[in-house]
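Structural characterization, general
Listed below are the residues making up each chain.
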Amino acid sequence: MTALFSAGFVAARPHGDDRGLPEPRFWAAKVAHKGDSDVVLAGCSRVYCGLAPAAMAPILGVSRVLNYGFSNQAYSDAYLQSITPLLDPASRRRTIVVSIAPHNFLAGRAATNQFNVLAARNGLVRLWDRSFGGLLDPYDLSAHRPGAGKWRFSVEYYADGWGALTREPADPLAAIPAIEDLYSEELPSYRLVDRLVAAVAGWSRQGICVYAARLPLPPRAAAAEDAASGFAFESVRSRLEEAGCTWLEVKGSDLASADGSHLLAPSALEYSRRLASAIAVHELRRSRTVGRRT
């Protein structure tokens, strides 16, 4: 749970009752993947909490979907260059899905995001974490003291890269003040947009299918993010589509948010199924179009 709510999305973080894989092992395994995926889901913590590969794989008709989201992730050169090697060169369904949010293009995060921190770790440390991470972590005696926090969260870490998030009580407006503060300090850099567009063009030339989507936020949180960031979604969408990307509009305003920025686990499962269905429909239409041409 190291950085899920860091850098301005929640000011104070209570202890989480994490389940599933130990957190160090989860992150070490995520950065260790190479050439073993059909579909890669790229982006920030909205992806790693919001997209469940196990819910998407049956709909997409593939078995190897990897959630490659990291906390505070921006589309830096290092991160973008790490995505293609995750795909199996022999796969006939090579696909990359990128989440688009204004904070994915903050220059400050391009230098300090969680992927960079993990990738820079000593190889022996990463090997230890992949094998034994979490086994020797000290127990937090303060975790269950009375009055430790007004709310609690937990994450269940899955081997496919998904972190299933629970927050009690949920507050779909909690992130709004932090979102406004974030963009008062820094605005999106369109140089980072340029880099993503160039990466999408390169992936498309390699025959990789590329999709983009804005993961769902509560309407008031989305409006606050739009107003504070000034991010030109329509322009960015047009540029990505020109580079060979397919932009997907997938309904999500009815889904439950933990904090105004991340989906609660049941809603993440539902949104994952909706997103996978939108991809499957697009691929079916494209195959029929190609079939008519031939």
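Heads up: these notes are all about the structure in this document. Nothing here was measured: the structure is a model prediction, and the numbers come from that model.

In the segment running from Glu 168 into Pro 169, the intervening peptide bond is cis, with an omega of -10°. Tracing the chain through its elements places Pro 169 in the loop between β6 (163-168) and α8 (176-185).

Judged by nonpolar contacts, the single largest core of 49 residues is most densely connected at Tyr 68, Ile 83, Ile 100, Trp 203 and Leu 240. It is helix α9 (residues 190-205) that provides the largest number of residues to this core, a total of 8 residues. When neighbours within four sequence positions are excluded, Tyr 68 is seen to be in contact with Lys 30, Val 40, Leu 41, Ala 42, Gly 43, Tyr 79, Ser 82, Ile 83, Leu 86 and Phe 115. Leu 41, Cys 209, Leu 215 and Ala 268 belong to the second-largest nonpolar core, a separate cluster that totals 28 residues.

Looking now at the layout of surface pockets. In this structure, the second largest pocket occupies an estimated 280 Å³ of space. Among the secondary structure elements, those contributing two or more residues to the lining of the second largest pocket are α10 (219-229) and α11 (233-242). Residue contributions to the lining of the second largest pocket peak at 3 residues, all from α11.

A few words now on the pairing of strand β2 (residues 39-43). The buried count for β2 comes to 5 of 5 residues, which makes it a mostly enclosed element. Residues of β2 alternate between two faces, with Val 39, Leu 41 and Gly 43 on one and Val 40 and Ala 42 on the opposite face, all of them buried. Inspection of the sheet shows β2 paired to strand β3 (residues 65-69) by 5 bridges, in the parallel sense. Opposite Gly 43, over in β3, you have Gly 69 as the bridge partner. Inspection of the sheet shows β2 paired to strand β4 (residues 95-99) by 4 bridges, in the parallel sense. Bridge pairing in β4 links Val 39 to Thr 95.

The rules behind each value
Residues numbered from 1 in each chain as written. Predicted model: local features only at pLDDT ≥ 70, side-chain atom pairs only at ≥ 80, totals over all residues. Heavy atoms only, no water. Helix = DSSP H or I, 4+ residues; strand = E, 2+ residues; numbered from the N terminus. Core = buried A, V, L, I, M, F, W, Y, C linked by side-chain atoms within 4.5 Å. Buried < 20%, exposed > 50% of the residue type's maximum accessible area, 1.4 Å probe, protein only. Contact = heavy atoms within 4.5 Å. 1 Å grid on protein atoms, 1.4 Å probe; cavity = no way out; pocket = protein on both sides within 12 Å on 5 of 7 lines; lining within 4 Å. Points joined across faces, edges and corners; volume = space filled by probe spheres on them. Pairing = 2+ DSSP bridges.

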